[in-house]
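Observations on chain architecture
Chain by chain, the residues:
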Amino acid sequence: MKIFVLGTRGFPGIQGGVEKHCEELYPRLVKLGCEVTVVTRKPYLSKIRRVREWKGVNFVHLWCLRVKEIEAITHTFLGLWIARIKSPDILHLHAIGPSIFTPLAKLLGLKVVVTNHGPDYVRQKWGKFAKFILKLGEVLSTKFADKVIVISETIKTSLIKLYGRQGLELIYNGVSIPQKVNCQETLKKYGLESKKYVFTTCRFVPEKGLHDLIDAYLKIDKPEFKLVISGGADHETHYSCQLKEKAKGSERIILTGFVSGKPLQELYSHAGLFVLPSHYEGLPISLLEAMSYDLPILASDIPQNRKLPLEDFRFYPPADVDVLAKKMEEMFRFKISEEEKAKQRRILEENYDWDKIALQTFEVYKSVVKSG
């Protein structure tokens, strides 16, 4: 079965939820017998990283106009014609922006599976025109795709209510249970001590709530822990620059930039507390990863985070900086019990296992191909 993938910047080691999703999913689908071709966006991969194949996944590295509002749209449009030439069994579009071309793909004779990673038009970083395009992408993909995969119950309920689409496939994001690492090279690089810092990792965009986290940390009088933030901006903005400036308010706030692989494993392994201050999420992979490292967690009380069955005391009202500051202090001193660790691990193994997710996706592909 030939699968052609559009909508991701690329992988491995590229920042973004969709990118992490694809990085984990497609090598597993290769093992299930799929021939997978992924179209990447050249500017996100240095020349040395533009490999033709990785873990059995084939890549087509395609130019894109690196302008935030039109990058995904122009790249997907160009990639669609490559898909037409290659004539795969399935064209898989990720995210609602690229999925605006679902009707065109159907007219070109392609069978289309769309994964809706969430209503991106609610994100604060987009202007009115971009939000219109994103909304239109959701409308057209929901109505015209052969199959629509959603990553959370919240998205599924919304699409049924808004468009009456039935037969939606609920397939969660996943997480791989990691091996914790004992080495501390990355910690030494940033002047950190094991279990003496609060950690988070995400892109520098307003809906992630990093401004709340930094403001809350700055409210704490003589904090006993440092604050470590991993991530950066895909496109440097006024917000991302403000965030970096705000972080200069304390020498105990460490911005590492985007990290992946062993350095990221190390930062997870040695953190004392993981905080996710988001105002909006699809299904937060970073929260699943924090659970996989048996970390104590503090998260904003939004519906997407609440889908993970954590104890009530692990949530705080989103954007409430005073409560966040207080709970960070309290939660940093609170050690996670072995019982809670076992519960978190059980939740991940039952619902968020990438091998199971790959099998579920494979079954969706087969159903579309069999439908004629």
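About the criteria used
- In this numbering scheme, every chain counts its residues from 1 along its sequence in written order.
- With the structure being a predicted model, the display of local features is reserved for residues of pLDDT at least 70 and the display and counting of side-chain atom pairs for 80 or more, all residues being used for whole-chain, interface and lining totals.
- Hydrogen atoms and water are omitted, and side-chain values are computed over all heavy atoms in the structure.
- Secondary structure is summarised from DSSP: a helix means a run of H or I of at least four residues, a strand means a run of E of at least two, and numbering begins at the N terminus for each.
- Here the radius of gyration uses the C-alpha set of atoms, whereas the globule reference equals 2.2 Å times the residue count to the power 0.38.
- Only protein chains enter the calculation, and the probe is 1.4 Å; a residue is then buried if its accessible area is under 20% of its type maximum, exposed if over 50%, and partly exposed in between.
- Contacts were defined at the residue level, with two residues in contact if any of their heavy atoms lie within 4.5 Å.
- Surface exposure here means Shrake-Rupley accessible area, sampled with a 1.4 Å probe, where a residue is shielded only by the protein chains that are shown.
- The sign given to each residue is positive for Lys and Arg and negative for Asp and Glu; His and the chain ends receive no count.
- To locate a charge, the coordinates of NZ of Lys, CZ of Arg, CG of Asp or CD of Glu are taken.
- Here the rule is simple: two strands pair whenever DSSP picks up at least two bridges between them.
- Axis lines are fitted through C-alpha atoms, for helices just across the contact stretch, and the angle between N-to-C directions can take any value from 0 to 180 degrees.

1. As for the overall build of the protein
Looking only at helices and strands, one finds 14 helices and 14 strands in the protein. Relative to a compact globule of 372 residues, whose C-alpha radius of gyration would be 21 Å, the protein shows 21 Å and is just as compact. Principal-axis analysis of the C-alpha atoms gives the protein an extent of 65 × 45 × 45 Å. Evaluated residue by residue, the protein yields a buried proportion of 57% over its 372 residues. Summarising the internal contacts of the protein: among those between residues at least 6 apart in sequence, 68% fall at separations of at least 24. Summing over all exposed atoms, the protein offers an accessible surface of approximately 16100 Å²; the carbon and sulfur share of this is 53%. Side chains of the protein carry 57 positive and 43 negative charges; the gap between the two charge centres is 5 Å.

2. Overview of the sheet that holds strand β3 (residues 53-54)
Within a beta sheet, neighbouring strands are joined by backbone hydrogen bonds and run either parallel or antiparallel to one another. Spatially, β3-β4-β2-β1-β5-β6-β7-β8 is the arrangement adopted by the 8 strands of the open sheet, whose pairing is mixed. The open sheet has two edge strands, β3 and β8 (169-170), and neither has a second partner. Taken together, the 5 bridges between strand β2 (residues 35-41) and strand β4 (residues 57-62) define a ladder with parallel strand orientation. Looking at β4, one finds that V38 is bridged to F59. This element, helix α1 (residues 17-31), spans β1 (2-6), β2, β3, β4 and β5 (90-94) of the sheet and lies at about 155° to β5.

3. Brief notes about the sheet that holds strand β9 (residues 197-201)
Spatially, the 6 strands line up as an open sheet ordered β11-β10-β9-β12-β13-β14, and their pairing is parallel. Among the strands making up the open sheet, the edge pair consists of β11 (253-257) and β14 (315-316). Pairing geometry for strand β12 (residues 273-276) and strand β13 (residues 297-300), over 3 bridges, is parallel. Residue V275 lies in a different strand from β13, and its bridge partner there is L298. The strands touched by helix α10 (residues 285-292) within the sheet are β9, β12 and β13, with β12 carrying the most contacts at an inclination of about 165°.

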